[in-house]
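# Examining the three-dimensional arrangement
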Amino acid sequence: MATDRSELTSYEYRKLRAQVLGESDVCVVCGHGRATAVDHLVPVSKGGARLDPANLAPIHGVKGCPVCLRKCNSEKGDRPLGEVVQLRTSVDWFAGP
């Protein structure tokens, strides 16, 4: 696990975080909206780029998802997204009739 997390307080990171959340607030793990944080798709500890916007995605942070109550960022940890159990529903409620 990466120990130097100083980039999380840098201006560049905060700007990227705002950009990613501005484009979408749908959590990459559970698929529900109102994500409040961003996470690295490929963890930095596994070789992922720290400040690459293509490696950042919205995720529910410390408070968790207000819909399914998962702690998405905690569940993901330092695993790649492909190793995380993502929420799948049987009905696409947004597709319409």
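Residues numbered from 1 in each chain as written. Predicted model: local features only at pLDDT ≥ 70, side-chain atom pairs only at ≥ 80, totals over all residues. Heavy atoms only, no water.

### Some points on the overall build of the chain
Heads up, the condition is: The secondary structure listing takes helices from DSSP runs of H or I that are at least 4 residues long and strands from runs of E that are at least 2 residues long, numbered from the N terminus. Between two residues, a contact is recorded if the distance between any of their heavy atoms is within 4.5 Å. Accessibility throughout is a Shrake-Rupley quantity obtained with a 1.4 Å probe, and a residue counts as covered only by protein chains that appear here.
For the chain, the count of helices and strands is two helices and two strands. Across the chain, helices and strands are ordered from the amino to the carboxyl terminus as α-β-β-α. Expressed as a percentage of contacts within the chain between residues at least 6 apart in sequence, the contacts between residues at least 24 apart total 55%. Summed over its atoms, the accessible surface of the chain is roughly 6300 Å², and 56% of this surface lies on carbon and sulfur atoms.

### A short note on the side chain of aspartate 39
Counted only if it meets this: Nitrogen and oxygen atoms within 3.5 Å of one another constitute a polar contact, given that in protein one can donate a hydrogen and the other can accept it, and given that sequence-neighbouring residues count only through two side-chain atoms.
For aspartate 39, the location among the structural elements is in strand S1 (residues 37–40). Within polar-contact distance, the side chain of aspartate 39 engages the side chain of lysine 76 at 3.3 Å. If near-sequence neighbours (up to four positions away) are discounted, aspartate 39 is found in contact with Asn55, Leu56, Ala57, Ile59, Asn73, Lys76 and Gly77.

### As for the environment of serine 45
By the element assignment, serine 45 lies in the loop between S1 and strand S2 (56–59). C-alpha of serine 45 to C-alpha of aspartate 78: the two residues are 33 residues apart in sequence and 7.1 Å apart in space.

### Focus on the environment of glutamine 86
Put simply, the rule is: Three labels apply to residues, based on accessible area from a 1.4 Å probe with only protein chains included: buried if under 20% of the type maximum, exposed if over 50%, partly exposed otherwise in between.
As for its position among the elements, glutamine 86 is in the segment after helix H2 (72–76). For glutamine 86, a relative accessible area of 26% puts it in the partly exposed group. When the C-alpha positions of glutamine 86 and valine 29 are compared, they lie 5.1 Å apart, and in sequence the two are 57 residues distant. Among residues more than four places away in sequence, those in contact with glutamine 86 are Val28, Val29, Arg70 and Leu81.

### A few points about the nonpolar core
As a reminder, the rule being used: What makes a nonpolar core is a set of buried Ala, Val, Leu, Ile, Met, Phe, Trp, Tyr and Cys residues whose side-chain atoms join them at distances within 4.5 Å.
Counting 10 residues, the largest nonpolar core consists of Cys27, Val29, Cys30, Ala35, Ala37, Ile59, Cys65, Cys72, Leu81 and Val84. If we ignore the near neighbours within four places in the chain, the residues touching cysteine 65 are Cys30, His32, His60 and Arg70. Membership of the second largest hydrophobic core comes to six residues, among which are Tyr13, Leu21, Val38 and Leu56.

### Digging into the side chain of lysine 76
Secondary-structure assignment places lysine 76 in helix H2. For lysine 76, a relative accessible area of 1% corresponds to the buried category. Ignoring any residue separated from it by four or fewer positions in sequence, one finds lysine 76 in contact with Asp39, His40, Leu41, Pro43, Ile59, Leu81 and Val84.

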